[in-house]
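Single-letter residue listing:
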Amino acid sequence: MSEPLLQVSNLVQEFTVRDRGGVKAGTVHAVSDVSFELAPGETLGLVGETGSGKSTLARAILQAPRPTAGSVRLRGVELVGLKRRQLTEARRHMQLVFQDPFGSLDPKWRARELVEEPLIAFKIGTRTQRRARVDELLERVGLDPARFGDRRPRELSGGQAQRVAIARALALDPALIICDEPVSSLDVLIRAQVLNLLERLRTELGLAYLFIAHDLALVKQVSDRVAVMYLGKLVEIGPAEALYREPLHPYTVALLASIPSPDPSAPRRPVTDTIRGELPSPIDPPSGCRFRTRCPRAQDVCAAEEPPLRKLAEGHFAACHFPVSQEAPAPALTGGAHDSSATD
Amino acid sequence: MSANGLSPTGSDVEPLGGGGGAASVGAPLLEISGLRIDFHQAGNVVRAVDGLTYAVPRARTVGLIGESGCGKTVSSRAIMGLLPPSALITGSIRFEGQELVGLPERRLRELRGSQIAMVFQDPARSLNPTLRIGPQITEAIRLHSDVTKTAAHDRAVELMELVRLPAARQRFRQYPHQLSGGMRQRVMIAIALAAEPKLLIADEATTALDVTTQAQIMELLRDLQQRLGMALIMISHDLGLAASFADEVMVMYAGRGVERAPTRKLFEHVRMPYTRALLDAIPRLENASHSPLAAVAGQPPDLAHEQVGCPFSPRCPNATEKCREHAPPFQEQEPDHLWACWHPCGLERPA
């Protein structure tokens, strides 16, 4: 098998919380012992809700800030503990696109300058070469350089600004782009345009994505494999199709049940059957399985022993003592109809 | 004609809460017709809402769907009387038969909160961060009904239990920052329900929340609506949410209503190409990984310029010369199904 592009092993990110006077009040277990690999040209979707640690994980991979423990290898190079200059060099291959382009792009700069800046920082090409490269990049993301090149972020729509942010991320020919909720702030139609752009760039440039989002249907659309995080832990990871067809972790089931279907005749299972209560604090996460306090399947062992991430199907792993059965999904509570293809 | 911004009736002679005949049995709770809202900005007129017409029956949910700037929020703020004085409102908004356009602020305030309440997207900004949540709920109760402090306290705890806030009695003394986003939104809903309104407007009430929290809050709203017999206007950009929770859906584009029908009918027989585009752009679990989404190009029009023809025509796959020159009327073209389109989907009409 070819060498993975990105190899994350036992990554831990913890933050110390201090009271007034600097007395340690506790530790936020933001990312706890997370491991996964990403192949060149592959898209791994990373799903989780607020507080799951998915954005912290992305930043720990980028070494900003550096993780508490664990290993991050990019093209075989260990990033943890790397000296600043070498780290800067290594980061060329790994770029980040954020949710809010207006927050991540300097409002005083023009689109052209924003895209050129990484080229200048890495001293790439002459001024003329850089100009040509910037025009090429803007065209690649669907922006006419003559029309948009001199605009500042405020003079762009949300979709256009996100395109500039993507062009900027592409400037250094990265192998991996970490997309942190890249389309969450966009309207439905613009969102589809930007998603299609990301897909086109992936096939044209052979990019790998770590695609972080809270919307499972959206992640399915773009991913080869999907990883689900809950309260700092990876609870399930597997091929996209299998994970949605046969979710193994009860939390994944709850996430899937929460998606409002655009088909009004689709049967709805109340989400309160699949998850209860509120997300516990990451300062004092539950013992054993962290999902057990909200899990309808939890038993005594779930509090006593932490379930390891184990392989339950080809390429499909889940951390659960009582994984959801791999039979057909449980029918909704209403009605007892078992005929599979009844149409009305 | 009606440039002075007053109601078409000209004066406010109608009695508040009217006589017995004011709200006939079958009449909808809220009737909006020909609503137009203009903002004057630096010499330009921005027509945020342009001839909106729809009705909300009692105890039903109407989903108001569209993208940013389509007028869904502005039009619902007009119902609440929450628009700034620079907004020029014409047309009619009738609540239980009473005209709200042109109603003096004092009378509107009586309706607001007691008869019509609103829940906003960002509960953190709607709550007072310096006050404990209990007193914020009791204040809302005492504003609308003449009860003792103790009775208001009991009612507040009752409301907190109604919106399923865990450990209601203990939460009473907590500050908003001690609650999660989902719990804060539950507090906002409790405040909105304090006076038992007949109409609740939920403006992107779950957009800022996580998916599992969103589903819990939507289920709560539906449950409350059925138990309290309250009507609900659900404003959202998410057609999926409307499909799951609304009885009727109104799709808006560029300040206008473009398609309206009972939810099932709408999703089974989409007529307006814009509704089609919205539906096709939603990622679905049934789609294979890496399958492209149907995405129409372009952006909504700038409402500071006068619209000629159908506002969606520059982006519409079905558009012809006629569409660019003449705006199609928003009419009932099939039973209970209204749309504004010269070339509706699924209807091949011989020329």
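Criteria and cut-off values
Residues numbered from 1 in each chain as written. Chains lettered and ligands numbered in written order. Predicted model: local features only at pLDDT ≥ 70, side-chain atom pairs only at ≥ 80, totals over all residues. Helix = DSSP H or I, 4+ residues; strand = E, 2+ residues; numbered from the N terminus. Rg over C-alpha atoms; globule rule 2.2 N^0.38 Å. Buried ≥ 20, exposed ≤ 12 C-beta atoms within 10 Å, placed from the backbone. Contact = placed C-beta atoms within 7 Å. Nonpolar A, V, L, I, M, F, W, Y, C, P; charged D, E, K, R; others polar. Axes fitted to C-alpha atoms, helices over the stretch in contact; angles between N-to-C directions. Parallel < 35°, antiparallel > 145°, perpendicular 65-115°, else oblique. Left-handed = near helix turned anticlockwise from the far one by under 90°.

Asker: Which residues make up the overall build of chain B, and what values do they have?
Answerer: Helix and strand counts for chain B come out as twelve helices and twelve strands. Computed over the C-alpha atoms, the radius of gyration of chain B is 21 Å, within 12% of the 20 Å expected from 2.2 N^0.38 for a compact globule of 351 residues. Taking the principal axes of the C-alpha coordinates as reference, chain B spans close to 70 × 60 × 45 Å. Every one of the 351 residues in chain B was classed for burial, and the buried ones make up 45%. A separation of at least 24 residues holds for 67% of the contacts in chain B among residues at least 6 apart in sequence.

Asker: Describe the overall build of chain A, with residues and values.
Answerer: When helices and strands are tallied, chain A shows twelve helices and twelve strands. Rg of the C-alpha trace for chain A: 22 Å, near the compact-globule value of 20 Å for 344 residues, within the 12% margin. Expressed as a percentage of its 344 residues, the buried residues of chain A come to 44%.

Asker: Residues and numbers for the interface of chain B and chain A, please.
Answerer: Contact residues are listed per partner, giving 40 residues for chain B and 41 residues for chain A. Broken down by secondary-structure element, the contributors of at least two residues to the side of chain B that touches chain A are α7 (181-193), α8 (211-228), α9 (239-245), α10 (263-268) and α11 (273-280) of chain B. In terms of residue count, the dominant contributor to the side of chain B that touches chain A is α8(B) (six residues). Considered class by class, the residues forming the side of chain B that touches chain A number 19 nonpolar, 15 polar and six charged.

Asker: Outline the environment of A:R168, supporting the account with residue identities and numerical values.
Answerer: Residues and elements named next belong to chain A. You can see R168 is positioned in helix α7 (residues 158-170). Once the C-alpha coordinates of R168 and L137 are considered, the two residues, 31 residues apart in sequence, prove to be 8.0 Å apart. Here R168 is in contact with L114, V115 and P118, once residues within four sequence places are set aside.

Asker: Before we move on, could you go through the packing of helix α11 (residues 250-258) of chain A against α8(B) and cite the residues and values that matter?
Answerer: Between α11(A) and α8(B), whose axes approach to 8 Å, the crossing angle comes to 55 degrees. Here α11(A) lies oblique to α8(B), going by the angle between them. The two elements α11(A) and α8(B) meet at a crossing, and its hand is left-handed. Contact residues: A:A254, A:L255 and A:S258 in α11(A); B:V211, B:T212, B:Q214 and B:A215 in α8(B).

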